[in-house]
2 protein chains.
Amino acid sequence: MSVSEQSFEAEATPSPPAVTFEGRGTYDERLNQILAAATATFARLGYEKASMREVAKAAGVSLAGLYHYFDGKEKILFLIQFRAFGSLQNNLREKLHGIDDPELQLRAMIRAHLTYFAANMEALKVCSHELDSLTGSAYSETRQIRHAYYEITRGIIERLIHTHNTNGNIDLHVATMALFGTLNWLYRWYDPQRGPAVTTVANQIADQCLHGLIGTTKTGDQ
Amino acid sequence: MSVSEQSFEAEATPSPPAVTFEGRGTYDERLNQILAAATATFARLGYEKASMREVAKAAGVSLAGLYHYFDGKEKILFLIQFRAFGSLQNNLREKLHGIDDPELQLRAMIRAHLTYFAANMEALKVCSHELDSLTGSAYSETRQIRHAYYEITRGIIERLIHTHNTNGNIDLHVATMALFGTLNWLYRWYDPQRGPAVTTVANQIADQCLHGLIGTTKTGDQ
DNA sequence: TATACTAGAACGAACGTTCGTTCGACAATA
DNA sequence: TATTGTCGAACGAACGTTCGTTCTAGTATA
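Residues numbered from 1 in each chain as written. Chains lettered and ligands numbered in written order. Predicted model: local features only at pLDDT ≥ 70, side-chain atom pairs only at ≥ 80, totals over all residues. Heavy atoms only, no water.

This brings us to the packing of helix 5 (residues 102-119) of chain A against helix 9 (residues 198-211) of chain A. Residue and element names in this part refer to chain A. Contact geometry of helix 5 with helix 9 gives a least axis separation of 9 Å together with a crossing angle of 145°. In the packing of helix 5 onto helix 9, the handedness of the crossing is right-handed. Facing helix 5, whose interface residues are Glu103, Leu106, Arg107, Ile110, Arg111, Leu114, Thr115 and Ala118, helix 9 presents Val198, Val201, Ala202, Asn203, Ile205, Ala206, Asp207, Cys209, Leu210 and His211. For the contact of helix 5 with helix 9, the per-class residue count stands at 11 nonpolar, 3 polar and 4 charged. (Axes fitted to C-alpha atoms, helices over the stretch in contact; angles between N-to-C directions. Helix = DSSP H or I, 4+ residues; strand = E, 2+ residues; numbered from the N terminus. Left-handed = near helix turned anticlockwise from the far one by under 90°. Contact = heavy atoms within 4.5 Å. Nonpolar A, V, L, I, M, F, W, Y, C, P; charged D, E, K, R; others polar.)

Here it is as structure tokens:
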């Protein structure tokens, strides 16, 4: 029992034979409900300050019931990050499929990231803010997924720069992390419900990233 | 006693008459030592996870001794942020003095921010990561300083864009927060001791911010 | 002696986690 | 059709620990 070795991709868990308490849903459905409540609580209070009692209350389950679904507090955070980073990466690979131009790839990457962010704000807030809260193998595992995501993005930027080889003084790591900084900082200020539309923000960030605040490819000023 | 109403700028505290335990230094010197140890502990463990006992141990002081210098845990965090944001802002105003060109102003802002960051990494890590950890008036007060810093930067970007009015579709808030994202994310990855020099990184980020990754003002490609 | 400061013990509260138990649904037996 | 046994789901209560904070007593300086 418990969710210890569960893959984030598989929707079915082997052990419980899909027995249905009417009104409660299946085991997996209930687990996902609790996970969503935990995500909201972690996003609101921060991982350390959020207590298991608070998570249980938000999920509408007893404290002991919470431990029936999860091995412990850290496992919950791990599952949130593992799923989010995994989905983020799968979504990106899908959106990049069939695009060859590095510029269009970068635009697609930024659009995909922001769209996913807007649809899963609480999860991405937890992911961005609690990057160092996991320990041991849980940390290594999520770090590995993040690194793959980083490599994809860095590859795009590398090809982009080599295509327009106007300047050889660009450090790829700095350039990549500058972009990730802009994207990961979004959870601090951007509210898709109040601010400009997601696609608008994505386009502006992509424009800024490609051409800067004053550099325009339309008309050279010298 | 205690540091409750202390201004972050004033170096002298009125109440304790600068009595010197040989080897200990004055009251203010000792307070600054403890504050530095607290900053390092908060940066290493995070504010919530760092305990007062851990801070006391790092500062080489007893738990009761710690409470002799500070009213409580939150006061310590407040003082760290208040001083850092204040210094950051004073430093920026100083560096902007006498510069009129918005482009040079933006370059100076980025260079000033990164230089201060490299010289005070632990404090800026705490400031970037624990933006929402303060409550009540302590939160309002630090938020006010941060807002002033934001306004200065936004003003620079506004004048920059109006000078090169090539594109009217730029949301100033988005543009400003994109830059702050890049800068505030630095504490997650940049190590001034291992990576490129601070000035190198500052120049590249400024170049990217102004001209983007491929957009160059030298030659328009259409 | 008066003051500045420290040390250790202790406080109540909250923490993550575990325990023993009960409940309800299902399968096999009689 | 009754009865019995099994299993997951969920519970209230409590575990031992650590938290931020306070208190009391003591030491060294001026």
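Here we take up the interface of chain A and chain B. At the interface, 46 residues of chain A touch 46 residues of chain B. Interface area for chain A against chain B, summed over the two sides, is near 4,400 Å², with a carbon-plus-sulfur share of 62%. Considering only the surface of chain A that becomes buried against chain B, Trp185(A), Leu213(A) and Ile214(A) emerge as the three largest contributors, covering 20% of it. Linking chain A with chain B are 4 salt bridges, by the criterion used here. When the shortest N-O distance is used, the salt bridge between Arg188(A) and Asp132(B) registers 3.4 Å. Counting the contacts that link chain A with chain B gives 17 residue pairs in polar contact (both at pLDDT 80 or more). Counting only elements with at least two residues in the side of chain A that touches chain B, the list comes to helix 5, helix 6 (121-129), helix 7 (136-163), helix 8 (172-184) and helix 9 of chain A. Top contributing element to the side of chain A that touches chain B by residue count: helix 8 of chain A, with 9 residues. Split by residue class, the side of chain A that touches chain B holds 20 nonpolar, 18 polar and 8 charged. (Buried area = accessible area lost by both parts, 1.4 Å probe. Salt bridge = Lys/Arg side-chain N within 4 Å of Asp/Glu carboxyl O. Polar contact = N/O pair within 3.5 Å; in protein donor to acceptor, adjacent residues only side chain to side chain.)

A word on the side chain of Gln105(B). Residue and element names in this part refer to chain B. For glutamine 105, the location among the structural elements is in helix 5 (residues 102-119). Given the relative accessible area of 9%, glutamine 105 is considered buried. Reaching out from glutamine 105, the side chain makes a polar contact with the backbone oxygen of isoleucine 99 at a distance of 3.0 Å. With residues near it in sequence (within four places) discarded, glutamine 105 still touches Leu96, Ile99, Asp100, Ile156 and Arg159. (Buried < 20%, exposed > 50% of the residue type's maximum accessible area, 1.4 Å probe, protein only.)

As for its position among the elements, Arg188(A) is in the loop between helix 8 and helix 9. At a separation of 3.2 Å, a polar atom in the side chain of Arg188(A) contacts the side chain of Tyr187(A). At a separation of 2.9 Å, a polar atom in the side chain of Arg188(A) contacts the main-chain carbonyl oxygen of Ser128(B). Ignoring sequence-local partners within four residues, the contact set of Arg188(A) consists of His129(A), Ser128(B), His129(B), Leu131(B) and Asp132(B).

To continue, consider the relation of the copies chain A and chain B. Here chain A sits on chain B after a turn of 180° about the axis and a move of 0.0 Å along it, with an RMSD of 0.1 Å. One copy is carried onto the other by what is essentially a two-fold rotation axis. Taking the C-alpha atom as reference, chain A places Gly212(A) closest to the rotation axis, 1.9 Å from it. A share of 100% of interface residues in chain A that are also interface residues in chain B marks the association as one of identical surfaces. (Least-squares fit on C-alpha atoms with pLDDT ≥ 70 in both.)

On to the layout of surface pockets. A volume near 930 Å³ is recorded for the largest pocket. If you go around the largest pocket, you meet 33 residues; those closest to its centre are Leu131(A), Arg146(A), Met177(A), Arg188(B) and Trp189(B). Secondary-structure elements contributing two or more residues to the lining of the largest pocket are helix 4 (73-96), helix 5, helix 6, helix 7 and helix 8 of chain A together with helix 6 (121-129) of chain B. For the lining of the largest pocket, the leading source of residues is helix 7 of chain A, giving 7 residues. When the residues that make up the lining of the largest pocket are grouped by side-chain class, the tally is 20 nonpolar, 5 polar and 8 charged. (1 Å grid on protein atoms, 1.4 Å probe; cavity = no way out; pocket = protein on both sides within 12 Å on 5 of 7 lines; lining within 4 Å. Points joined across faces, edges and corners; volume = space filled by probe spheres on them.)

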